[in-house]
Amino acid sequence: MEQATRPVRVLLVDDQPLLRTGFRMVLGAEDDVDVVGEASDGVEGVELSRRLQPDVVLMDIRMPRMDGVAATRAIVQAKLPVRVLILTTFDLDEYVVGALRAGASGFLAKDVPAEDLVTAIHTVAAGEAVVAPRILRRLLDQFGTFLPDPDAAPPARVDVLTEREREVLVWVARGLSNAEIARQLSVSETTVKTHVGHLLTKLDLRDRVQAVVLAYETGLVRPGS
């Protein structure tokens with residue numbers, strides 16, 4: 001007899017009780033998701049992450065005492081076995097890039113359809129990243145003025161990539177999925193997945209979210225390109 005898969009344990013961190021209730025109702029209807037706790041600010045969110053060690057934290061950005069960026073950074077720096085999925089009210093939120101740099105595994109808009117939220121939670125729990133391509137492109141375009149000079153030579157760490165891997169990294173940074181990159185390069189999706197895996201390993205990055213931020217920070221991709 002096969003052992004049943006353990007439900008994904010989720011912690012809700014949001015200062016608005018009504019939103020927490022809504023998320024709890026949506027997730028409570030899923031057999032493979034278990035909401036293990038709720039927090040109303042970042043300080044409480046970090047404390048509960050330490051105590052409960054959920055698989056995924058659904059983290060709001062703007063909260064009293066400690067915002068979602070600082071809370072995400074604290075969770076990541078504590079090396080807790082917890083993945084953070086940021087929830088934002090608006091597509092363009094000046095805190096989101098900071099949250100990604102702090103180590104968040106991705107972000108979604110708070111009005112995301114229920115089925116997409118559940119899928120994202122499972123994706124993040126499995127160790128992958130959730131990137132909303134159109135939102136990420138707009139964010140990086142919006143705040144591109146804060147990024148380094150794109151004409152500067154890429155740092156040595158990017159030079160460890162093969163020409164194909166750098167090409168794949170550029171497409172990843174522009175928000176394309178593996179399937180879309182495969183069509184652009186006329187190769188199989190499996191081949192693209194292999195290239196992504198290799199470049200993440202070479203650059204010592206956790207997931208494609210960090211790869212996107214690195215590509216923009218190093219000037220490998222120009223904002224608006």
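Quick caveat, the model's predicted, so the values are computed rather than measured.

Thresholds, definitions, all that
Residues numbered from 1 in each chain as written. Predicted model: local features only at pLDDT ≥ 70, side-chain atom pairs only at ≥ 80, totals over all residues. Heavy atoms only, no water. Buried < 20%, exposed > 50% of the residue type's maximum accessible area, 1.4 Å probe, protein only. Helix = DSSP H or I, 4+ residues; strand = E, 2+ residues; numbered from the N terminus. Pairing = 2+ DSSP bridges. Right-handed = clockwise from strand over helix to strand, strands pointing away. Core = buried A, V, L, I, M, F, W, Y, C linked by side-chain atoms within 4.5 Å. Contact = heavy atoms within 4.5 Å. pLDDT = per-residue confidence, 0-100. Polar contact = N/O pair within 3.5 Å; in protein donor to acceptor, adjacent residues only side chain to side chain. Axes fitted to C-alpha atoms, helices over the stretch in contact; angles between N-to-C directions. Salt bridge = Lys/Arg side-chain N within 4 Å of Asp/Glu carboxyl O. Parallel < 35°, antiparallel > 145°, perpendicular 65-115°, else oblique. Left-handed = near helix turned anticlockwise from the far one by under 90°. Nonpolar A, V, L, I, M, F, W, Y, C, P; charged D, E, K, R; others polar.

(A) Examining the pairing of strand E1 (residues 8-13) more closely. With respect to burial, E1 is a largely interior element, five of its six residues being buried. Bridge analysis of E1 against strand E2 (residues 33-39) gives six bridges, and the strand direction is parallel. Bridge pairing links Val13 to Ala39 in E2. Viewed along the sheet, the connection from E1 through helix H1 (residues 17-28) into E2 turns out right-handed. Across four bridges, the pairing between E1 and strand E3 (residues 56-60) is parallel.

(B) A look at the nonpolar core. By size, the foremost hydrophobic cluster in this structure holds 25 residues, and its most contacted members are Val168, Leu169, Ile181, Leu199 and Leu203. Where this core is concerned, the elements lending two or more residues are helix H8 (163-173), helix H9 (178-185), helix H10 (189-202) and helix H11 (208-217). Counting residues per element, this core draws most heavily on H8, which supplies six residues. Residues in contact with Val168, not counting those within four places in the same chain, are Ile181, Leu185, Val192, His195, Val196 and Leu199. In this structure, Leu48, Ile75, Leu80 and Val213 belong to the second largest nonpolar core, which totals 24 residues.

(C) Representation of the confidence of the model for the chain in the model. Per-residue confidence for the chain gives a mean pLDDT of 81, with 81% of residues at or over 70. Contacts of residues 145-151 to residues separated by more than four positions or lying in other chains number nine contacts, the stretch itself having pLDDT below 50.

(D) Broad picture of the side chain of Asp41. With respect to the helices and strands, the residue Asp41 is situated in the loop between E2 and helix H2 (42-52). By relative accessible area, Asp41 is classed as buried at 6%. A distance of 3.0 Å separates a polar side-chain atom of Asp41 from the backbone nitrogen of Val43. From its side chain, Asp41 meets the backbone nitrogen of Glu44 in a polar contact 2.8 Å long. In this structure, Asp41 is in contact with Val13, Met63, Pro64, Arg65 and Met66, ignoring residues within four places of it in sequence.

(E) Structural detail: the sheet that holds E3. In spatial order, the strands read E2-E1-E3-E4-E5; together these five strands make up an open sheet with parallel pairing. Strands at the two margins of the open sheet, each flanked by one partner only, are E2 and strand E5 (107-109). Between one strand axis and the next, the sheet turns by 25 degrees as a mean value, whatever way the strands run. Strands E1, E2, E3 and strand E4 (83-88) of the sheet are contacted by H1, whose axis makes an angle of about 165 degrees with E2.

(F) Inspection of the pattern of salt bridges at higher detail. Applying the stated criterion across every chain, the model contains eight salt bridges. Measuring nitrogen to oxygen at the nearest pair gives 3.1 Å for the salt bridge that ties Asp55 to Arg6. Highlighted residues: Asp55 in the loop between H2 and E3 and Arg6 in the segment before E1, separated in sequence by 49 residues. Here Glu38 ties to Arg24 by a salt bridge, and the two come within 2.5 Å at their closest N and O atoms. Here the residue Glu38 occupies a position in strand E2, and Arg24 occupies one in helix H1, the gap between them amounting to 14 residues.

(G) Expanded view of the environment of Gly103. For Gly103, the position within the fold is in the loop between helix H4 (96-102) and E5. With sequence-adjacent residues up to four places away left out, Gly103 is seen in contact with Thr72, Val76 and Arg206.

(H) Representation of the packing of H2 against helix H3 (residues 68-77) within the structure. It is the contact of H2 with H3, at a shortest axis distance of 9 Å, that shows an interaxial angle of 20 degrees. Relative to H3, H2 is oriented roughly parallel. The chirality of how H2 crosses H3 is right-handed. Of H3, the residues touching H2 (which contributes Gly42, Val46 and Ser49) are Ala71, Ala74 and Ile75. By residue class, the composition of the contact of H2 with H3 is four nonpolar, two polar and no charged.

(I) View of the packing of H8 against H11. Contact geometry for H8 and H11: axes closest at 9 Å, N-to-C directions at 100 degrees. Accordingly, the angle class assigned to the pair H8 and H11 is roughly perpendicular. Contacts between H8 and H11 involve Leu169, Val172 and Ala173 from the first element and Arg208, Ala211, Val212, Ala215 and Tyr216 from the second. For the contact of H8 with H11, the residue count by class is seven nonpolar, no polar and one charged.

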